[in-house]
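Now for the letters of each chain:
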Amino acid sequence: MLNGKNAIVTGGTRGIGLAVVRTFLHNGAKVALFGSREASVQRALTQLREEQPDWPVMGLWPDLTDYAAVERAVQEVAQTFGGVDILVNNAGISAREPLADYSPEAFRSIMDLNVTAVFHGCKAVEPIMRAAGKGCIINTSSMVSLYGQPSGVGYPTSKFAVNGLTRSLARELGRAGIRVNAVAPGVTRTDMVAALPQELVDRISAPIPLGRIGEPQEVANAYLFLASDLASYVTGEILSVDGAAQT
Ligand code: NAD
């Protein structure tokens, strides 16, 4: 589904991002994964090469909160692969602290990574995609971007902003042939969730209409659809993949 396409996936070293990287590679794309540290990037690359030695995958670890670093990394990928067709802005952190314990620094740092870094990625790929007359950006929102959550206010705030950025850039960049969408996962079995006791996972799952939490692959499939030509007329969409948890 992605033959001949070049993709960047931020936060591609584990969890949902790594599932997206693997899915894109399986579907014929060349993929550059961005992580926060060299060690975690190398670990992900080793893991992928053990699965399939000839997969066209590279890794970089720019500071996503520094625009110049993001621009340099995007240019390096464009030169290595011969362009960038797909950008997945997936790196993100969450928060749980009640307001009384929530420091202004923690609020700023979640906005820096979950929102400003997404803006940086979009801004860095836009001239490349505009010159090509086509491109696809997929941001990572969350089910909490619909109703908020009862603690850790920075996290839903950042994801509401991701939705606003997605819908606005879809309008701004449509005429350039660039589609901009987001995936809004529900609770997904990444490392953080895998570490929880089964009893707690069962409690989280109970109110979800599909009766369980999501698997990273099920979320990655939505990115594949949005990245592919099957979604050629889909833009400005926030696609929920949450078992109807919030509907
Ligand atoms: P994860 O913690 O397993 O992976 C996060 C990724 O982001 C890692 O690759 C990590 O290297 C990267 N990252 C973290 N801090 C970074 C930094 N400062 N600079 C650069 N990269 C950094 O997370 P996940 O659960 O796979 O989540 C991925 C995305 O999905 C996030 O945006 C998250 O908000 C969103 N999401 C996750 C869930 C869930 O239940 N797992 C639900 C809704 C939305």
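Residues numbered from 1 in each chain as written. Predicted model: local features only at pLDDT ≥ 70, side-chain atom pairs only at ≥ 80, totals over all residues. Heavy atoms only, no water.

Colleague: So what's going on with the site of the ligand? Which residues, and what values?
Modeller: Around the ligand lies a shell of 23 residues, among which Thr13, Ile16, Asn90, Tyr155 and Thr188 are the nearest. Here asparagine 90 contributes a backbone N or O atom positioned 2.8 Å from an oxygen atom of the ligand. Summarising the interface, the protein chains cover 84% of the accessible area of the ligand, which totals 830 Å² for the free molecule. Breaking the shell around the ligand down by element, the ones donating at least two residues are α1 (15-26) and α6 (154-173). Looking at side-chain class alone, the shell around the ligand contains eight nonpolar, 13 polar and two charged residues. (Near = heavy atom within 4 Å. Polar contact = N/O pair within 3.5 Å; in protein donor to acceptor, adjacent residues only side chain to side chain. Areas by Shrake-Rupley, 256 points an atom, 1.4 Å probe, with all protein chains shown as cover. Helix = DSSP H or I, 4+ residues; strand = E, 2+ residues; numbered from the N terminus. Nonpolar A, V, L, I, M, F, W, Y, C, P; charged D, E, K, R; others polar.)

Colleague: Now, about the confidence of the model for the protein: what can you tell me, with residues and values included?
Modeller: Overall, the predicted model of the protein reaches an average pLDDT of 96, with 100% of residues at or above 70. As a predicted assembly, this complex carries a pTM of 0.98 together with an ipTM value of 0.98. (pLDDT = per-residue confidence, 0-100.)

Colleague: Can you break down the pairing of strand β1 (residues 6-10) residue by residue, with the values?
Modeller: Counting buried residues along β1, five of its five residues qualify, which places the element largely inside the surrounding structure. Taking every second residue as pointing to the same face, both faces of β1 are buried, with Asn6, Ile8 and Thr10 on one and Ala7 and Val9 on the other. Of the pairings in the sheet, the one linking β1 to strand β2 (residues 30-34) comprises five bridges and is parallel in character. Bridged to isoleucine 8 within β2 is alanine 32. (Buried < 20%, exposed > 50% of the residue type's maximum accessible area, 1.4 Å probe, protein only. Pairing = 2+ DSSP bridges.)

Colleague: Before we move on, could you go through the packing of aromatic side chains and cite the residues and values that matter?
Modeller: Overall, the coordinates contain one aromatic pair when judged by the stated rule. Judged by centre distance (6.2 Å) and plane angle (65°), the rings of tyrosine 102 and phenylalanine 107 are edge-to-face. Judged by its relative accessible area of 30%, phenylalanine 107 is partly exposed. (Phe/Tyr/Trp six-rings, centres within 6.5 Å; stacked < 30°, edge-to-face > 60°.)

Colleague: Any chance you could break down the pattern of salt bridges for me, citing the residues and the numbers?
Modeller: Inspection of the entire model under this criterion finds seven salt bridges. Among the ionic pairs, arginine 189 bridges to glutamate 215, the shortest N-O distance being 2.9 Å. Highlighted residues: arginine 189 in the loop between β6 (178-185) and α7 (191-194) and glutamate 215 in the loop between α8 (198-205) and α9 (216-227), separated in sequence by 26 residues. A salt bridge links glutamate 218 to arginine 212; its shortest N-O distance comes to 2.7 Å. The exposure class of glutamate 218 is partly exposed, given its relative accessible area of 33%. Under the relative-accessibility criterion, arginine 212 is labelled partly exposed at 40%. (Salt bridge = Lys/Arg side-chain N within 4 Å of Asp/Glu carboxyl O.)

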